There are 2 protein chains.
Amino acid sequence: MVNMLINVPETVVADALRGIAAAHPSLTVDVDNRVVVRRDAPVAGQVALVSGGGSGHEPLHAGFVGPGMLSAACAGEVFTSPVPDQMVRAAAAVDGGAGVLFVVKNYTGDVLNFDMAAELAEDEGVTVAKVLVDDDVAVTDSLYTAGRRGTGATLFVEKIAGAAAAEGAPLERVEAIARQVNGSSRSFGVALTACSTPAKGSPTFELPPGELELGVGIHGEPGRERRAMMTSREIADYAVQVVLEDLRPTSPVLLLVNGMGATPLLELYGFNAEVHRVLAERGVPVARTLVGNYVTSLDMAGASVTLCQVDEELLRLWDAPVNTPALRWGC
Amino acid sequence: MVNMLINVPETVVADALRGIAAAHPSLTVDVDNRVVVRRDAPVAGQVALVSGGGSGHEPLHAGFVGPGMLSAACAGEVFTSPVPDQMVRAAAAVDGGAGVLFVVKNYTGDVLNFDMAAELAEDEGVTVAKVLVDDDVAVTDSLYTAGRRGTGATLFVEKIAGAAAAEGAPLERVEAIARQVNGSSRSFGVALTACSTPAKGSPTFELPPGELELGVGIHGEPGRERRAMMTSREIADYAVQVVLEDLRPTSPVLLLVNGMGATPLLELYGFNAEVHRVLAERGVPVARTLVGNYVTSLDMAGASVTLCQVDEELLRLWDAPVNTPALRWGC
């Protein structure tokens with residue numbers, strides 16, 4: 001048996017959902033259908049946000065369900081898209097009459113299934129808009145994606161658009177804000193180890209000790225290049241450089257220094273110091289910083305850097321109250 | 001070079017402190033002296049709480065500094081006690097005239113250094129009380145300890161006593177509450193992998209694939225026994241049984257399902273479901289549940305279970321507002 005804290009691979013997602021239900025009375029968890037909904041949904045007159053994706057990236061997405069962020073999240077199998085039926089159920093459960101925004105990370109399966117779900121939900125009388133998150137500058141097209149992958153910016157999109165929805169903004173406005181956040185965000189990640197899925201029980205790719213993968217995706221997809229291990233300082237120089245080549249911010253940024261799951265917080269904070277150093281050297285002011293394991297890849301060691309350029313309105317929405325298992329302030 | 005997100009082992013703690021300072025404007029970080037203080041300290045007329053210990057257990061303790069919890073935290077080298085000078089500086093920085101409570105995990109180095117610091121601080125006119133945290137039922141006496149080790153209950157002691165201090169309770173009362181919380185708490189942990197310190201760069205003990213260590217400490221100290229890998233269900237049965245043999249709660253409990261650092265949240269939530277199942281079978285009502293990586297051992301995979309029996313007053317203090325990097329609600 002593999003060294004994982006599980007029963008059998010087949011029940012990992014259902015077991016986790018039962019555990020989420022037990023820990024968070026603020027959420028309603030439909031374990032059979034794998035849909036997590038904020039308990040007070042639907043909220044009449046408010047736009048609802050629905051997201052979801054493969055499991056293995058926790059706290060994304062169920063950990064972001066609650067007032068000020070997501071209305072519901074759909075959990076797929078590990079690293080596998082949820083199915084349209086889950087998304088339609090979620091949309092029906094949270095629609096308060098103001099419409100639903102689907103927040104979709106750009107992976108082929110997620111895009112197809114959310115597209116189909118949007119059509120089905122519209123057939124049932126729910127107005128649906130969609131925003132695609134594709135912030136990862138490492139590669140265009142990859143194992144799971146046409147175009148850029150959706151990674152850390154998902155958190156920024158869900159938080160900021162969720163705040164707009166909580167304030168009563170109409171669907172068109174919430175969608176526009178979500179698009180603005182995605183368009184203003186870029187990410188770059190590195191892996192220091194591979195990750196192991198419960199089903200496989202061993203690393204999903206080979207990464208020899210002493211090497212790292214630059215530009216890795218959140219499923220361990222190949223990145224830009226493999227190199228001999230680098231220092232935290234060198235990795236920060238590289239990652240921020242790549243992000244800034246693409247983003248060129250002209251106003252302050254939100255910074256997410258995200259752990260891939262198995263990197264100790266001690267190391268993540270040290271990496272954050274190096275990322276701040278590079279941004280200061282490059283003259284990029286940081287408005288807010290978030291450090292932690294938020295968009296993960298099971299037990300992968302490594303980190304990603306996401307920047308989101310914000311204007312006063314986006315910063316105000318970022319600071320607005322949020323009350324979810326993984327992000328909580330102001331309430 | 002080892003696969004860690006660091007510069008050199010010698011600067012890991014200072015680098016992390018610089019990163020904490022960059023991420024959290026609510027904290028004042030003295031990187032040279034390795035003391036983290038809430039920015040608004042001292043708070044006149046309020047008892048101040050000071051804790052600290054070896055680094056490598058993040059977010060413990062710096063992540064628990066802020067209104068409603070710790071006033072200051074002292075960071076030692078990895079898995080090494082901070083020195084008395086740090087604790088005296090912290091006490092002097094946060095004393096608002098109502099005295100200081102030292103929260104000390106029961107490891108020989110910490111106990112000796114906090115004892116010496118208490119004497120030195122008293123010499124400087126600061127009234128100091130101390131509470132020892134020793135909740136780990138796995139072993140009495142161990143590699144680092146005479147008596148039981150202090151682990152997950154530290155979070156409960158710091159949160160609940162911190163809430164009492166924030167309400168203006170006098171030092172004797174804050175100390176009594178801290179002792180009550182420790183006396184009402186028990187923990188048991190398991191390791192699925194060893195951890196690696198930056199200085200060593202390789203696992204600090206041998207744990208072959210396919211085996212787990214039952215009753216492990218938060219530095220990878222040996223536990224009660226080593227066994228062939230068990231399921232999440234079996235581990236929950238074992239851990240809760242051992243805790244309940246010692247605690248025998250007669251009122252509801254707070255539950256901490258704590259990750260050792262490298263166990264994915266997906267697995268931790270699944271484990272939480274099993275822990276809730278056992279507690280329900282045993283007729284122990286759970287008042288509140290916290291799931292996450294709070295008292296860690298660098299990159300160790302594994303988890304611990306901490307129960308704290310609460311009366312109405314302790315539960316009210318647990319629910320009271322707290323505003324720290326790692327625990328935040330109600331503000």
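Residues numbered from 1 in each chain as written. Chains lettered and ligands numbered in written order. Predicted model: local features only at pLDDT ≥ 70, side-chain atom pairs only at ≥ 80, totals over all residues. Heavy atoms only, no water.

(A) Main features of the domain arrangement of chain A. Residues and elements named next belong to chain A. According to the domain assignment, chain A consists of domain 1 (10–183) and domain 2 (185–318). Each of domain 1 and domain 2 was reduced to a C-alpha centroid, and the two centroids are 22 Å apart. Counting each side, the surface lost to burial between domain 1 and domain 2 is near 3100 Å², with a carbon and sulfur contribution of 65%. Considering only the side of domain 1, the residues that lose the most area to domain 2 are Phe-79, Val-137 and Phe-156, jointly responsible for 20% of the buried surface there. Viewed at the interface, domain 2 and domain 1 are joined by two salt bridges. The shortest N-O distance in the salt bridge between Glu-167 and Arg-316 comes to 2.7 Å. At the junction of domain 1 and domain 2, the tally comes to 20 residue pairs in polar contact (both at pLDDT 80 or more). Those elements giving two or more residues to the side of domain 1 that touches domain 2 turn out to be helix H4 (153–166) and helix H5 (171–183). Here the side of domain 1 that touches domain 2 takes seven residues from H4, the largest share from any one element. Across the side of domain 1 that touches domain 2, the residue classes break down as 20 nonpolar, eight polar and nine charged. (Domains from an automatic or database assignment. Buried area = accessible area lost by both parts, 1.4 Å probe. Salt bridge = Lys/Arg side-chain N within 4 Å of Asp/Glu carboxyl O. Polar contact = N/O pair within 3.5 Å; in protein donor to acceptor, adjacent residues only side chain to side chain. Helix = DSSP H or I, 4+ residues; strand = E, 2+ residues; numbered from the N terminus. Nonpolar A, V, L, I, M, F, W, Y, C, P; charged D, E, K, R; others polar.)

(B) A look at the sheet that holds strand E8 (residues 211–214) of chain B. Residues and elements named next belong to chain B. Spatially, six strands are ordered E9-E8-E7-E12-E10-E11 in an open sheet, and the strand pairing comes out mixed. Among the strands making up the open sheet, the edge pair consists of strand E9 (225–228) and strand E11 (286–292). Averaged over all pairs of adjacent strands, the angle between strand axes in this sheet comes to 15°, irrespective of strand direction. In this sheet, E11 lies alongside strand E10 (residues 253–259) in parallel orientation, the contact comprising six bridges. Residue Leu-256 lies in a different strand from E11, and its bridge partner there is Leu-290. (Pairing = 2+ DSSP bridges. Axes fitted to C-alpha atoms, helices over the stretch in contact; angles between N-to-C directions.)

(C) Fine view of the interface of chain B and chain A. In this assembly, 57 residues from chain B lie in contact with 57 residues from chain A. Summed over both partners, the interface of chain B with chain A comes to about 4500 Å²; 64% of that surface belongs to carbon and sulfur atoms. Across the pair Glu-274 of chain B and Arg-18 of chain A runs a salt bridge whose closest N-O atoms are separated by 3.2 Å. Put simply, chain B and chain A have 23 residue pairs in polar contact (both at pLDDT 80 or more) between them. For the side of chain B that touches chain A, the secondary structure elements donating two or more residues are helix H1 (12–23), helix H6 (232–247), helix H7 (265–281), E11 and strand E14 (328–329) of chain B. Top contributing element to the side of chain B that touches chain A by residue count: H7 of chain B, with 11 residues. (Contact = heavy atoms within 4.5 Å.)

(D) Looking closely at helix H3 (residues 108–123) of chain A. Residue and element names in this part refer to chain A. End to end, H3 covers 23 Å across 16 residues, agreeing with the expected 22 Å (1.5 Å per residue, within 8%). Within H3, burial applies to Asp-110, Asn-113, Phe-114, Ala-117, Ala-118 and Ala-121. Buried positions in H3, seen along its axis, are confined to an arc of 145° and lie on one side of it. Away from its buried face, by an angle of more than 90 degrees, H3 presents the exposed residues Leu-112, Glu-119 and Asp-123. Against strand E3 (48–55), helix H2 (84–94), strand E5 (100–105) and strand E6 (128–133) lie the buried residues of H3. Downstream of H3 by a residue or two, Gly-125 has a phi angle that is positive, lying close to 95°. (Expected span 1.5 Å × (residues − 1). Buried < 20%, exposed > 50% of the residue type's maximum accessible area, 1.4 Å probe, protein only. Arc of directions from axis to C-beta.)

(E) Representation of the pairing of E10 of chain B within the structure. Residues and elements named next belong to chain B. Of all seven residues in E10, seven are buried; the element is thus mostly enclosed. The parallel pair E10 and E11 is bridged by H7, and the resulting crossover is right-handed. Note: E10 against strand E12 (residues 302–309), seven bridges, orientation antiparallel. Its bridge partner lying in E12, Leu-255 is registered against Leu-307. (Right-handed = clockwise from strand over helix to strand, strands pointing away.)

(F) A look at the sheet that holds strand E4 (residues 72–78) of chain A. All names here are of chain A. Spatially, six strands are ordered E1-E2-E4-E3-E5-E6 in an open sheet, and the strand pairing comes out mixed. The open sheet has two free edges, formed respectively by strand E1 (27–30) and E6, since each of these has just one partner strand. On average, each strand axis in the sheet is inclined to that of its neighbour by 20°, with strand direction left out of account. Alignment of E5 against E6, held across six bridges, turns out to be parallel. Within E6, the residue paired with Val-104 across the bridge is Leu-132. The strands that H3 touches are E3, E5 and E6; relative to E5, the one it contacts most, it runs at about 165°.

(G) Structural detail: H7 of chain B. Residues and elements named next belong to chain B. An ideal rise of 1.5 Å per residue puts 24 Å on 17 residues; H7 measures up with 24 Å between its terminal C-alpha atoms. The buried fraction of H7 is high, at 15 of 17 residues. Downstream of H7 by a residue or two, Gly-283 has a phi angle that is positive, lying close to 75°.

(H) Examining the relation of the copies chain B and chain A more closely. The transformation that overlays chain B on chain A combines an axial shift of 0.0 Å with a rotation of 180°, and the residual RMSD is 0.0 Å. On the angle and the small slide along the axis, the relation comes out as a two-fold axis. Considering only C-alpha atoms, the residue of chain B closest to the rotation axis is Ala-262 of chain B, which sits at 2.0 Å. Most of the interface of chain B is mirrored in chain A, where 100% of its interface residues again form contacts. (Least-squares fit on C-alpha atoms with pLDDT ≥ 70 in both.)

(I) Quick peek at the pattern of salt bridges. Per the counting criterion, the structure on display carries 38 salt bridges over all chains. For the salt bridge of Glu-225 of chain A with Arg-227 of chain A, the shortest nitrogen-to-oxygen distance reads 3.2 Å. Exposure remark for Glu-225 of chain A: the relative accessible area of 28% places this residue in the partly exposed category. Connected via shared salt-bridge partners are Asp-15 and Arg-18 of chain A together with Arg-233, Asp-237, Glu-274, Arg-277 and Glu-281 of chain B.

(J) Inspection of the packing of aromatic side chains at higher detail. All names here are of chain B. If you walk through the whole model with that rule in mind, you get eight aromatic pairs over all chains. Where Phe-188 meets Tyr-238, the ring centres are 5.5 Å apart and the plane angle is 40°; that geometry is what we call tilted. A residue pair is termed long-range when its members are at least 10 positions apart, and Phe-188 in strand E7 (residues 185–191) and Tyr-238 in helix H6 qualify at 50 residues. The pair Phe-188 / Tyr-238 is uniform in exposure class, with both members buried. (Phe/Tyr/Trp six-rings, centres within 6.5 Å; stacked < 30°, edge-to-face > 60°.)

(K) The arrangement of the environment of Glu-211 of chain A in detail. If you trace the backbone, Glu-211 of chain A turns up in strand E8 (residues 211–214). A relative accessible area of 28% places Glu-211 of chain A in the partly exposed class. Taking the C-alpha atoms as reference, Glu-211 of chain A lies 8.1 Å from Met-230 of chain A; in sequence the two are 19 residues apart. Sequence-distant contacts of Glu-211 of chain A, that is, excluding residues within four places in its chain, are made with Leu-192, Arg-226, Arg-227, Ala-228 and Met-229 of chain A together with Asn-3 of chain B.

(L) Spatial organisation of the packing of helix H7 (residues 265–281) of chain A against H1 of chain B. Interhelical geometry of H7 of chain A versus H1 of chain B gives an angle of 65° and a closest axis separation of 7 Å. Between H7 of chain A and H1 of chain B, the interaxial angle falls into the category roughly perpendicular. Of the two possible hands of crossing, H7 of chain A and H1 of chain B adopt the one that is left-handed. Taking contact as the criterion, the partners of Leu-266, Tyr-269, Gly-270, Asn-272, Ala-273, Glu-274 and His-276 of chain A in H7 of chain A are, on H1 of chain B, Val-12, Asp-15, Ala-16, Arg-18, Gly-19, Ile-20, Ala-22 and Ala-23 of chain B. (Parallel < 35°, antiparallel > 145°, perpendicular 65-115°, else oblique. Left-handed = near helix turned anticlockwise from the far one by under 90°.)

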